[in-house]
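Letter by letter, the chains look like this.
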Amino acid sequence: MVVDLIVSAAALVFALVFGLASIYYGSQFSGFGLECGAGPYTGVQCNGTVLGIATYGLLIVTVLAFCIALGMTIVRIIQKRFTFFWPVGALVLMIAAFYFFTWLASQTAPTA
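Let us look at the structure shown here.

Parameters at a glance
Residues numbered from 1 in each chain as written. Predicted model: local features only at pLDDT ≥ 70, side-chain atom pairs only at ≥ 80, totals over all residues. Heavy atoms only, no water. Phe/Tyr/Trp six-rings, centres within 6.5 Å; stacked < 30°, edge-to-face > 60°. Helix = DSSP H or I, 4+ residues; strand = E, 2+ residues; numbered from the N terminus. Expected span 1.5 Å × (residues − 1). Contact = heavy atoms within 4.5 Å. Core = buried A, V, L, I, M, F, W, Y, C linked by side-chain atoms within 4.5 Å. Buried < 20%, exposed > 50% of the residue type's maximum accessible area, 1.4 Å probe, protein only.

### Re the packing of aromatic side chains
In total, this model carries 8 aromatic pairs according to the counting rule given. Residues Phe18 and Phe98 carry aromatic rings whose centres are separated by 5.7 Å and whose planes lie at 70° to one another, so their mutual orientation is edge-to-face. One end of the pair, Phe18, is in helix H1 (residues 2-27); the other, Phe98, is in helix H3 (residues 85-108), with 80 residues separating them in the sequence. Relative to Phe29, the ring of Tyr25 lies with its centre 5.5 Å away and its plane at 80°, an arrangement referred to as edge-to-face. Through a chain of ring-to-ring contacts, the aromatic side chains of Phe18, Tyr25, Phe29, Phe98 and Tyr99 assemble into a single cluster.

Now the structure itself:
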């Protein structure tokens, strides 16, 4: 049980640090639209809606995953059950969301 709490605490701290870093990184997506000029673009290039979905999607998934992991870890500690899978699952979800929304935002960047 002690190892479970240590792993959970370490995973929560890592998830917090990764979440703050990915939120900061996601806030940089707004600069993609500044390079767009007038002209026809193919696909989703310079599409502000898709860029907004990528930015806010990354923010929402990161914050919700961490808050749910923290809350369920506290609940599972009170219940005296295993807790490590909540923060680890949240971390996996945050990493997957980071890569997906980064890919989505990169599709909106204009090609030079």
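Additional details are given in the paragraphs that follow.
### With respect to helix H2 (residues 48-79)
Helical periodicity: at 3.6 residues per turn, an α-helix aligns residues three or four positions apart in one direction. The terminal C-alpha atoms of H2 lie 46 Å apart, and with 32 residues this matches the ideal 46 Å at 1.5 Å per residue to within 8%. Contacts from the buried residues of H2 go to H1 and H3. Of the residues trailing H2, Lys80 is marked for its positive phi of about 60°.

### Regarding the nonpolar core
Among the nonpolar cores identified, the biggest contains 19 residues, and Phe29, Ala54 and Phe101 are the most heavily contacted of them. Elements with a contribution of two residues or more to this core: H1, H2 and H3. Broken down by element, this core gets its largest block of residues, 8 residues, from H3. Not counting residues within four places of it along the chain, the set of residues in contact with Ala54 comprises Phe29, Phe101, Leu104 and Ala105.

### Digging into the environment of Met72
Summarising the element assignment, Met72 is placed in helix H2. Measuring from C-alpha to C-alpha, the distance between Met72 and Pro87 comes to 8.7 Å, with 15 residues separating the pair along the chain.

Bear in mind that shape data such as this cannot, by itself, settle questions of function.
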